[in-house]
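# Remarks on the overall topology
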Amino acid sequence: MSFSPGCDGAVEERPVVYELRYESDIGQRPYKRTKFDEPNDDIIEDLEYSYPLSEYSQTEEDSQEVEEKQWGTLYIDAFMIALNTILEGESYLFDDNEHSIFEAFKNLEEDCKKLYVRLFLRRRNKWFRIDLLSYREILDLQRAWKGLVQSSIFALSLSSMSDIGIEEILSLFSVDELKELASQLNYKGIKGVKKNEMIWALKNQSEGQTCLDLSQEGLSLLYDGKGRRRNRLHKLLNESMEILGPCVMLCDGPIRVFERAHLVFYRATDFNEKSLRKLILARISKRNFPEYMVFRSTEVFCNRQDLLDYENALEIQSQVDEILASGNIATKLLKLYDILEPVSEQWERCLSSTQVRHNEERDHYLIRFTAAWHYTRMMYKLAAVLCRLGRHKEAHGIYTLLLGQRIYRRGKRGDWYQRKALIENLYMFEDKKDAKEVRRWKRKALATCEAGLQDPDTHMIYHYDLQKRIMRLERELRVLPKDKHVFFHLALKEPTRRTFYGNRISEVEIGRKTTWLNLEGDECSVEEMCLSNYKSLGWKGYHTEGGILRTIFAYLFWDILFLPVPYVFETEFQIAPLDLSTEAFYLSRASEINRRLADIENNLTAKFALQIYDREFERKTECVGMDWNFDIQEILEAAECIGGHALSAICKILCEEYGQRSSGMPDLFLWNPEQKKCLFSEVKSENDRLSDTQRLWIDVLVGAGVPVELCAGLEKKDQVKVNSEQ
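Residues numbered from 1 in each chain as written. Predicted model: local features only at pLDDT ≥ 70, side-chain atom pairs only at ≥ 80, totals over all residues. Heavy atoms only, no water.

## What about the overall build of the protein chain?
- Summing up its helical and strand segments, the protein chain has 30 helices and 14 strands in all.
- Contacts in the protein chain between residues at least 24 apart in sequence constitute 72% of all its contacts with a sequence separation of at least 6.
- With the model as given, the accessible surface of the protein chain reaches about 34,600 Å², and the carbon-plus-sulfur share is 48%. (Helix = DSSP H or I, 4+ residues; strand = E, 2+ residues; numbered from the N terminus. Contact = heavy atoms within 4.5 Å. Areas by Shrake-Rupley, 256 points an atom, 1.4 Å probe, with all protein chains shown as cover.)

Okay, here's the thing in structure tokens:
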């Protein structure tokens, strides 16, 4: 990736979704999401009005002055803290060119810095009209933008561009301005209410010339020897530039350098144009983070090349995730393959390098900051694409390679065993009529499943399917009863079953939730319909899909989550330790966790929950799993109804495998404070089935003595059919 300080690439305006999400938001829904579809919208301005700084001012007389200073300080402080921190401990990751950009930025005047950070937090590759910018903390906007342009590093002026399209210039106008421009130029027949239609019409009447030179030399060509304008296109250009006034765009090179710096500072594990800038917004938006000691490691990236490889892996992963999130994957398989196929060579190179030996010695949760960690994820995505394309033998080779290493993505090994066994069972033999060959591959599939069950890195959520496949293969291979596997110890406990009938008011469509009426006659989901029926039976409850359990866990383990363990808190903007989703979380805090589990079993839940509530509720401090919308009295009632023994068992599971077990909990949590009873209910409409994670949670809850129901939500007309059949 080149980092010359120039500005490259065509300008492309598109809607942007800003999602304030952090790498440690495990199992946590987004804090805030805002869409801006118009070019002039600015997420920063939205945050300013959401969090007016006047409330932090000391006196009303100077509130305006203090407010301006506060906003300016917040932006520059957030930006400079990140920059100075990485230069202090990890400057070796940046080359001389990048260091020169950092120094040049530090030497800018204060207003120039403020303007740069403001624009940095907006869109990349976008021209900004100076007449539309207004920032309260920038005292001299004209001097600020000119300073950025004159630096020749950080920004470009539209008037200095030697080659630019007329569409790009006209895109900076509003629809009303385009209409006014057409009127001034006496263009006839300009119709349309959409911006693109207006731009096309103006361009169409300007004699078809498309590229313009805005330099002084180029502008001199606007006139012939007698001082007359040469054509209508240049007349359109001249009028447009006069109306627009000065426009600036940040150069791409420094933007990429600062994004790289923020990637290092914030330890980002995903990548998009806003994923690094959004973390700066955390400081501005006044989100309250827990108090903990930051132990910042300087060994996350061993050298510059490791960082560049990691950054490249994130960019490729971002492309893949964008396609996967767009839906209708079947039509995009070849595009996915074109992106993922080159990854295999890079991944195999990572596996064969000396870096592997180094990673074997690192703490497991730091390995996620390697390119190989993300390449590994892309490799099993590639295997899935190959299977969809019917290239099962190539996919089998990838799963074999994945299982041949024990460093990256160990938590996915159970899934790889399952998929490898499936291919061996169905797709590896050339001729289905060759009974000997078919039998040979089925035996290999059986051996793969057995290896999966014996692998200590295979999570319990995969055991159930591996067990089922073994039993099926043994039937197909006609294994003698005395040689068959016995899985009594793996048999999952079953929930009791219940059915509620209601009125469905929407048709069943694949991939879309149905709409029902609850007992009060309000439109709702099938889960809410069943919840209203439970409430009519005397239960209190929520449709939380485990939200209330994650909240109870946050109350009870808050102080343990934020213990001063080295290198799991790399920044002050985390809501969980970096190792929470790994086995290292439990192992490094085993004594504290076991003592807390014993306290919970001895019914000391209220003591710990109230301590955290009294200390953190007013600030609404953010913590993984915590939802402050739950009433504290209901939290205490719910915990009491679950009981100390069962709650201790649930919390132990979360301590051991939070990343895998924080989802899949039953839909409804219900309790009866008078009878000191609780009930979990998983709601399924017709044709739904339980996932492996849901089956395991049901097994854990039933095994701990907590009743669980599998609740079917059916239409009332089905009830009539059942009654008539009886």
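Additional details are given in the paragraphs that follow.
## Comments concerning the sheet that holds strand 14 (residues 708-715)
- Read from one edge to the other, the open sheet built from seven strands follows the order 10-9-8-14-13-12-11, with strand pairing classed as mixed. Of all strands in the sheet, those bounded by a partner on one side alone are strand 10 (523-524) and strand 11 (540-543).
- The pairing of strand 8 (residues 496-504) with strand 14 spans seven bridges and is parallel. Bridge pairing links T496 to E709 in strand 14.
- In this fold helix 22 (residues 526-536) packs onto strand 8, strand 9 (516-517), strand 10, strand 11, strand 12 (668-672), strand 13 (677-684) and strand 14, with an angle of close to 110° to the strand it touches most, strand 8. (Pairing = 2+ DSSP bridges. Axes fitted to C-alpha atoms, helices over the stretch in contact; angles between N-to-C directions.)

## Thoughts on the packing of aromatic side chains
- Enumeration over the complete set of coordinates arrives at 33 aromatic pairs.
- Taking 5.6 Å as the distance between ring centres and 40° as the angle between the ring planes, the aromatic pair formed by F553 and Y658 counts as tilted. One end of the pair, F553, is in helix 23 (residues 547-561); the other, Y658, is in helix 28 (residues 644-661), with 105 residues separating them in the sequence. Considered together, F553 and Y658 belong to a single accessibility category, that of buried residues.
- Both rings, one in Y555 and one in W628, keep their centres 5.8 Å apart while their planes meet at 90°; by these two values the pair is edge-to-face. Here Y555 is found in helix 23, whereas its partner W628 is found in the loop between helix 26 (605-616) and helix 27 (632-642), with 73 residues between them in sequence.
- Each member of the aromatic cluster is reached from another via a ring pair, and the members are F79, F94, F102, F105, Y116, F120, F154 and F258. (Phe/Tyr/Trp six-rings, centres within 6.5 Å; stacked < 30°, edge-to-face > 60°. Buried < 20%, exposed > 50% of the residue type's maximum accessible area, 1.4 Å probe, protein only.)

## Details of the confidence of the model for the protein chain
- Put simply, the protein chain has an average pLDDT of 82, and 80% of its residues get 70 or more.
- Low pLDDT (under 50) marks residues 1-63, which in the prediction has 157 contacts with non-local residues, meaning those over four places away or in another chain. (pLDDT = per-residue confidence, 0-100.)

## Digging into the sheet that holds strand 4 (residues 155-157)
- Here three strands make up an open sheet; going across it, the order is 3-7-4 and the pairing antiparallel. Each end of this open sheet is capped by a strand with a single partner; those strands are strand 3 (128-129) and strand 4.
- Bridge analysis of strand 4 against strand 7 (residues 247-250) gives three bridges, and the strand direction is antiparallel. Its bridge partner being in strand 7, L156 is matched across the sheet by M249.

## Side note on the pattern of salt bridges
- One pass over the full model with this rule turns up 39 salt bridges.
- The shortest N-O distance in the salt bridge between R124 and E259 comes to 2.4 Å. One end of the pair, R124, is in the loop between helix 4 (110-120) and strand 3; the other, E259, is in helix 11 (residues 252-266), with 135 residues separating them in the sequence.
- Owing to a relative accessible area of 10%, R124 belongs among the buried residues under this scheme.
- Residue classification places E259 among the buried residues on the basis of a relative accessible area of 3%. (Salt bridge = Lys/Arg side-chain N within 4 Å of Asp/Glu carboxyl O.)

## As for the packing of helix 25 (residues 590-601) against helix 28
- Viewed as axis vectors pointing N to C, helix 25 and helix 28 meet at an angle of 155°, and their least axial separation amounts to 7 Å. With respect to their mutual orientation, helix 25 and helix 28 come out roughly antiparallel. Our pair here, helix 25 against helix 28, has a crossing hand that is right-handed. Counted together, I593, L597, I600 and E601 of helix 25 and G644, H645, L647, S648, C651, K652 and C655 of helix 28 form the full contact between these two elements.
- In terms of residue class, the contact of helix 25 with helix 28 is made up of six nonpolar, three polar and two charged. (Parallel < 35°, antiparallel > 145°, perpendicular 65-115°, else oblique. Left-handed = near helix turned anticlockwise from the far one by under 90°. Nonpolar A, V, L, I, M, F, W, Y, C, P; charged D, E, K, R; others polar.)

## Some points on unusual backbone geometry
- The phi angle at E545 is positive, at roughly 50°, despite the residue not being glycine.
- Following the sequence through the fold, E545 ends up in the loop between strand 11 and helix 23.
- For Y567, which is not a glycine, the phi torsion comes out positive at approximately 70°.
- One can find Y567 in the loop between helix 23 and helix 24 (584-587).
- Taking relative accessible area as the criterion, Y567 reaches 37% and is therefore assigned partly exposed.

## A closer look at a nonpolar patch on the surface
- On the surface, a cluster of nonpolar side chains totalling about 240 Å² of accessible area is made up of L422, L426 and Y427.
- Tracing the sequence through the fold places L422 in helix 19 (residues 413-426). (Patch = residues over 30% accessible without salt bridge, like charges linked within 9 Å, V, L, I, M, F, W, Y side chains within 5 Å.)

## Notes on the environment of A649
- One can find A649 in helix 28.
- The spacing of A649 and A704 is 55 residues in sequence and 6.7 Å in space, taken between C-alpha atoms.

## Some thoughts on the state of the cysteines
- What the rule picks out here adds up to zero disulfides.
- Considering cysteine sulfurs only, C711 is the nearest to C530, which forms no disulfide, with 3.7 Å between them. (Disulfide = S-S within 2.5 Å.)

## Observations regarding the nonpolar core
- Of all hydrophobic cores here, the largest spans 117 residues; its most connected members are F105, L115, Y116, F258 and F557.
- Among the elements that line this core, the one with the most residues is helix 23, at 11 residues.
- Residues Y337, L340, Y380 and L477 belong to the second largest nonpolar core, which totals 50 residues. (Core = buried A, V, L, I, M, F, W, Y, C linked by side-chain atoms within 4.5 Å.)

## Remarks on helix 28
- An ideal rise of 1.5 Å per residue puts 26 Å on 18 residues; helix 28 reaches only 20 Å between its terminal C-alpha atoms.
- The sharpest bend along helix 28 reaches about 70° and sits at C655.
- Every buried residue of helix 28 is accounted for by G644, A646, L647, S648, I650, C651, I653, L654, C655, E657, Y658 and R661. (Expected span 1.5 Å × (residues − 1). Bend = angle between axes of the 7 residues up to and from the residue.)

## A look at helix 4
- In terms of residue burial, helix 4 counts as a mostly covered element, since 10 of its 11 residues are buried.
- Within helix 4, burial applies to D111, C112, K113, K114, L115, Y116, V117, R118, L119 and F120.

## Comments concerning the environment of E345
- In this structure, E345 sits in helix 15 (residues 343-352).
- Separated by 30 residues in sequence, E345 and Y375 have C-alpha atoms that sit 9.9 Å apart.

## So, the side chain of E657
- Along the chain, E657 turns up in helix 28.
- Look past the residues within four positions of E657 in its chain and what remains in contact with it is H459 and S662.

## A look at a negative patch on the surface
- On the surface, D338, E341, E345 and E348 cluster together into a negatively charged patch.
- Considering the arrangement of structural elements, one finds E348 in helix 15. (Lys, Arg positive; Asp, Glu negative; His and termini not counted. Charge placed at Lys NZ, Arg CZ, Asp CG, Glu CD.)

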